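Secondary and tertiary structure notes
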Amino acid sequence: MKDLLEVVGISKRYATHQALQDVSLKVPQGVVFGLLGPNGAGKSTLIRIITQIIAKDSGEIFFGGTAMTPDHVHQIGYMPEERGLYKKMKVGEQLLYLAKLKGLSHAQAMERLKYWFEKFEIKAWWNKTIQDLSKGMQQKVQFLSTVLHKPSLLILDEPFSGFDPVNANLIKNEILELKRNGTTIIFSTHRMESVEEMCDHLALINLSQKILDGETSQIKKKYQTDTFVVEYKASEPIKAGKVFSVLQEKVQHNGTFMTLIKANPSVTANMMLEELLPQVQILRFEEKLPTINDIFISLVTNTPITDQFNLQNPSTTPLAYNHE
Amino acid sequence: MNKILIILQREYLTRVRKRTFLLMTFLTPVLFAALFTLPIILAVGLEGEKTVMVLDKTGKLMEHLEKAKNRKMKYAPAPAEDLTKAKKILAEGNYYGLVYIPVLDWEKPKGIELHSEKGISMEVESQINRTIELAIEKHKMQLAGIKQEDLNKIKADISLETFKASGEKSSSGGLFMFGIMGGMIIYFAIFLYGSQVMRGVVEEKTSRIIEVIISTVKPFQLMMGKILGVGLVGVTQFVLWILLTLAIVNFVTPLFMQGMNPKEVQKAINTNEDAQKMIDKTTQTVTEKSEISVMLSQVNMPAYILVFLFYFVFGYLMYASLFAAAASAVDNESEMQQFVMPITIPLIMAMALSSIITREPDGVVAFWMSIFPLTSPVTMLIRYPFGVPAWQLGLSMVSLFLGFIAMVWLAARIYRVGILMYGKKVNYKELAKWIFYK
């Protein structure tokens, strides 16, 4: 797969702290790429360097195989974390203006606008000012301004914050459609669970350094823990057996138990089931896959991933790790 | 299309289409026109004639008082013999006031009283005072046997005509007017439109659109587009102001005055001392080969306009970029003041010292202030009509141009960092650091 964007050894220092330290990344063409990490890790700095908002101290960026030039901004669509539009400007005029700044001619911009206004069914908004729109509507307009010029690289910083579920879904579908049409998309977020299902590739950034990157499926495979969740009915909770050990257990209110067991080396699920079946009545048996967040925390705290699993808190949405 | 041009277009159109712009543009000339014409209209239209009764115990002054021409003020003998009766009549309200003149010692005329039911304004009081003084003087002239014609012969009325060494006729009054006017316009334009640039920058910051824009254009392009756009708004507004003011003064006011008796208008103008002086001067100068045209010829209008444009354009650009930089460093308008003050000090200085400049247009202060780029747009325009050596003008222009380049560069360095900075109290040390950021 060809790389659309290649970042080589980027460093950036602000007056008081190092924002990025020798970060290198490859973003293949046509994938959804997750740029993940806690707040303050350096994601936004990296994005601002890619979008040429700020200058890098050292390192190189290649876009479509050539060294990045100022003209490349026309091929990038960027939605910053802090959304913003001219509040007193009319929707149509504003989008037209932003599209022209991205290098579209008036006619081209009008044509694209027409397409999107019909698609989103927002023709009635053309002459409304931004401040007359609801927050969700503003977000839609903001998204439009990002994709109007058909960028080959779309960068979305915290893409779903501020969207209500309906609009978030709409945008999600648009993003997937853009991807099918060949657009490369970078998501940047500290809420890793919100995007991991969409990301083909990802990179983890912490304390201004990249700590992990690669294809999502391979990362998950690599950090597989051979851990399983068993839910069952029994008079007492299961103990460690010949082929597995018990990590955690939880007594549920309706008299059932949930236990987290870890397979011994080269033990299959079948072998564990064979041992469990005579003892208890199994309600559920499922491999416990680490989330990106679990992997991330285990990497930065240097603890086993299985420490992150928590049966007591079944929402499986652990707090994002805070580096401070 | 060039990005600066696209930005300029937006900045221009959004401002020109605003309701406040239209309001300002059309109301200001009305105000200006009112300033010219209201005094006349007021004098003619609003106040009725007032009668002051005079209880003259000397028996000598009444005849002079009755002849006295005064704006809206008549003197009539009191229909009473003593003060108490006169006061009673005054209380009936038919008279505006009562002047009581006791028997006077002509050498030391003291003890004259003015009574009235309502309070009397300073202006009216001094007017009555002056009228009585004149009446006494006239009476004393008669006593001394001086005739009015003799006095008129003695009076001298000269108006000094000044010449430049080159032999051209010059008029320092006109030069003064010209210089101050040019300086003032630049001063106001910089403040008015500089602050609009500032507000625009803060708006982009607070609405957070700045990051979207900056991911597409260079900060410098955005800054210049904004400054130029607002500058054009200024030019548009000034041109409209001048045209509309002229139109109102020339066409609307006469219409308005048509309803009035022209004689009354003339009288009002005549009795209004300021207007009188102005008319005297203009009629006099118009007859004497038109002093205005002399003034114009000596100032060399085309050159003055060119000089004005040069200083206007570069002065505005320089200051506007400084304002933009200041605005970029803060999060909202209320924090802006701390940076605006120091920027505007040179400008305010230049205006405040304008009297020194006009008094001594070739003095040391005038020279240096017309060379220093932050003051020269105002100072040089004040100086220019008095005649500035070519080398000084050249030096000043080069200096302003270099100052402009330096300030725009400096401002752009600060601006590009500032617009992305939030939630930080910025001081000057910090600003200085930004200049050297990569």
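All values derive from a computational prediction rather than experimental measurement.

Comments concerning the confidence of the model for chain B
Residue and element names in this part refer to chain B. Chain-level statistics for chain B give a pLDDT mean of 82 and a share of 82% at 70 or above. Of all helices and strands in chain B, the one with the weakest mean pLDDT is helix H11 (residues 273-287) (47), whereas helix H1 (residues 3-16) scores best (95). Taken together, the stretch residues 278-291 has pLDDT below 50 and engages in 8 contacts with residues farther than four places along the chain or on a different chain.

Re the packing of aromatic side chains
Evaluation of the coordinates by the stated rule reveals 22 aromatic pairs over all chains. Here Trp116 of chain A and Phe120 of chain A contribute two aromatic rings whose centre-to-centre distance is 5.5 Å and whose plane-to-plane angle is 75°, an arrangement assigned as edge-to-face. The two residues Trp116 of chain A and Phe120 of chain A agree in class, both being buried. Ring geometry for Tyr304 of chain B against Tyr384 of chain B: centres 5.8 Å apart, planes inclined by 35°, an arrangement best described as tilted. Placement of the pair is Tyr304 of chain B in helix H13 (residues 301-328) and Tyr384 of chain B in the loop between helix H17 (376-383) and helix H18 (390-418), with a sequence separation of 80 residues. On the accessibility criterion, Tyr384 of chain B (14% relative accessible area) is buried. When the ring centre of Phe160 of chain A is taken as reference, the NZ or CZ atom of Lys172 of chain A above it lies at 5.3 Å.

With respect to the interface of chain B and chain A
Facing 23 residues of chain B, the contacting portion of chain A comprises 28 residues. Roughly 2500 Å² of surface becomes buried between chain B and chain A when both sides are summed, with 59% attributable to carbon and sulfur atoms. Where chain B meets chain A, there are 3 salt bridges. For Glu211 of chain B, the salt bridge is made with Arg48 of chain A, and the minimal N-O distance between the two is 3.0 Å. Inspection of the chain B/chain A interface yields 6 residue pairs in polar contact (both at pLDDT 80 or more). Contributing elements (two or more residues each) for the side of chain B that touches chain A: H1, helix H7 (172-206) and helix H8 (210-214) of chain B. Per-class residue counts for the side of chain B that touches chain A are 9 nonpolar, 4 polar and 10 charged.

Scoring rules and cut-offs
Residues numbered from 1 in each chain as written. Chains lettered and ligands numbered in written order. Predicted model: local features only at pLDDT ≥ 70, side-chain atom pairs only at ≥ 80, totals over all residues. Heavy atoms only, no water. pLDDT = per-residue confidence, 0-100. Helix = DSSP H or I, 4+ residues; strand = E, 2+ residues; numbered from the N terminus. Contact = heavy atoms within 4.5 Å. Phe/Tyr/Trp six-rings, centres within 6.5 Å; stacked < 30°, edge-to-face > 60°. Buried < 20%, exposed > 50% of the residue type's maximum accessible area, 1.4 Å probe, protein only. Lys NZ or Arg CZ within 6 Å of the ring centre and 35° of its normal. Buried area = accessible area lost by both parts, 1.4 Å probe. Salt bridge = Lys/Arg side-chain N within 4 Å of Asp/Glu carboxyl O. Polar contact = N/O pair within 3.5 Å; in protein donor to acceptor, adjacent residues only side chain to side chain. Nonpolar A, V, L, I, M, F, W, Y, C, P; charged D, E, K, R; others polar.

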